[in-house]
Amino acid sequence: MECDDAPITIEPEAVPSSSNAAKKEKSKKKSLPWIEKYRPQTFEEIVGNQDTVSRLGVFATQGNAPNIIIAGPPGVGKTTTILCLARILLGANFKEGVLELNASNERGIDVVRNKIKMFAQQKVTLPKGRHKIVILDEADSMTEGAQQALRRTMEIYSNTTRFALACNTSEKIIEPIQSRCAMLRFSKLSDAQILAKLIEVCQKESLSYVEDGLEAIVFTAQGDMRQALNNLQSTANGYGHISGENVFKVCDEPHPMLIQDMLQHCIKDDIHKAYKIIAKLWRLGYAAEDIIGNVFRVCKRLEMDEKLKLIFIREIGETHMRIVDGLNSLLQLTGLLARLCQASEGI
């Protein structure tokens, strides 16, 4: 009987390369929207509203946070701040101890009675003195029936669960919920705060930019950090260079320099030159609401006689109200220019 003495070769097991895992992680980060990629993870990274954030920092160190309502305009970090607080309070138990419902979820009475109530009833092992956290984003869009049901749930499960509500206007939250919560208010971010963050992101992403490009993004953002980062990423992806002209093309807003020239003609009581600019913007397809919004923003920043500026702002405000009511024609905007010129003539 013959034996085959040929050497047996054993293939080594395929071991996943750590460099491949790192590449995948890097690729995943690269594909993330910048609003998520640069979302603050700690209180120190949050931009603006330092007094309010420091108050939350006190809750985090004490460990026993109350129910809270954070009210403020969009894109100033309301939900991000609540998530940072939850991370500090719960640590490794963050996933099991937090229920987050945002604007994409239905928040009728059934959700409160089922999903939120079931979460509040669940037993989760947490560090001593810590509580489960329910985060309700855009809480002011909840129906009154859902808010009444939530009020009762907050009362029953106060020993095990804390509620954090983020909303744009606290007036839409019913009084019984407001009285059970600590009220915190966020304000719009300043231009300097947004500009500092934009420069930081540009440096991290190695972007080519000029000063007027970043100023254009700050102008279009209007105190909204989320809008600023979205506009920055859109311009970077579309043109590769952050300039004022590129930003306004991407954001599709009337250029403020054109609006400024138009207002200067109104100050000089030159209705014909002012009308040429408004007619050009209209032909370019800009909506009346976008035009009047930018007219107001530029007028606020314009250096002119204070008394005349107040008259201009009043007229712009009244025209804006008519446009919102549906009178969004070129005639309405032309009438505004005529009244501005008339006001300049009377000063």
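Because the structure is a prediction, the values reported are computed rather than measured. (Residues numbered from 1 in each chain as written. Predicted model: local features only at pLDDT ≥ 70, side-chain atom pairs only at ≥ 80, totals over all residues. Heavy atoms only, no water.)

A.B. asks: Describe in detail the pattern of salt bridges, supporting the description with residues and values.
C.D. replies: If charged atoms from side chains of opposite charge come close, those side chains can pair. All chains considered together, the criterion is met by 12 salt bridges. Glu36 serves as the salt-bridge partner of Arg39, at 3.3 Å between the closest nitrogen and oxygen. Owing to a relative accessible area of 24%, Arg39 belongs among the partly exposed residues under this scheme. Take Glu36: its relative accessible area is 36%, and that puts it in the partly exposed class. The partner of Lys204 in a salt bridge is Glu200, and the shortest N-O contact between them spans 3.1 Å. Of this pair, Lys204 and Glu200 both sit in helix H9 (residues 191-204), 4 residues apart, which is roughly one turn of that helix. Overall, the relative accessible area of 53% leaves Lys204 in the exposed class. Judged by relative accessible area, Glu200 falls into the partly exposed class, the value being 32%. (Salt bridge = Lys/Arg side-chain N within 4 Å of Asp/Glu carboxyl O. Buried < 20%, exposed > 50% of the residue type's maximum accessible area, 1.4 Å probe, protein only. Helix = DSSP H or I, 4+ residues; strand = E, 2+ residues; numbered from the N terminus.)

A.B. asks: Explain the packing of helix H13 (residues 256-267) against helix H14 (residues 271-283) to me, using residue names and the numbers behind them.
C.D. replies: Between H13 and H14, the least distance of the axes is 8 Å, while the angle of their chain directions is 150°. Considering the angle they form, H13 stands roughly antiparallel to H14. Considering how the two elements wind past one another, H13 and H14 form a crossing that is left-handed. In contact with Leu258, Ile259, Asp261, Met262, His265 and Cys266 of H13, H14 contributes Lys273, Ala274, Ile277, Ile278, Lys280 and Leu281. Its residues assigned to classes, the contact of H13 with H14 comprises 8 nonpolar, 1 polar and 3 charged. (Axes fitted to C-alpha atoms, helices over the stretch in contact; angles between N-to-C directions. Parallel < 35°, antiparallel > 145°, perpendicular 65-115°, else oblique. Left-handed = near helix turned anticlockwise from the far one by under 90°. Contact = heavy atoms within 4.5 Å. Nonpolar A, V, L, I, M, F, W, Y, C, P; charged D, E, K, R; others polar.)

A.B. asks: Help me get a handle on the sheet that holds strand E1 (residues 68-71), residues and values and all.
C.D. replies: Spatially, the 5 strands line up as an open sheet ordered E2-E3-E4-E1-E5, and their pairing is parallel. Since the sheet does not close on itself, it has two edges, and those belong to strand E2 (98-101) and strand E5 (182-185), each with one partner. Averaged over all pairs of adjacent strands, the angle between strand axes in this sheet comes to 15°, irrespective of strand direction. Two strands pair when backbone bridges link them, and E2 and strand E3 (residues 132-136) are joined in this way by 4 bridges, in the parallel orientation. Across the sheet, Glu100 pairs through a bridge with Ile135, a residue of E3. Its contacts with the sheet put helix H4 (residues 78-90) on E1, E2, E3 and strand E4 (161-167), and the angle it makes with E4 is roughly 160°. (Pairing = 2+ DSSP bridges.)

A.B. asks: Please set out unusual backbone geometry residue by residue, giving values where relevant.
C.D. replies: We note that Asn49 has phi near 50°; this positive angle belongs to a residue other than glycine. You can see Asn49 is positioned in the loop between helix H2 (34-37) and helix H3 (50-62). Classification of Asn49 as buried rests on a relative accessible area of 13%. For Glu138, which is not glycine, the phi torsion reads 50° and is therefore positive. As for its placement among the helices and strands, Glu138 is situated in the loop between E3 and helix H7 (144-156).

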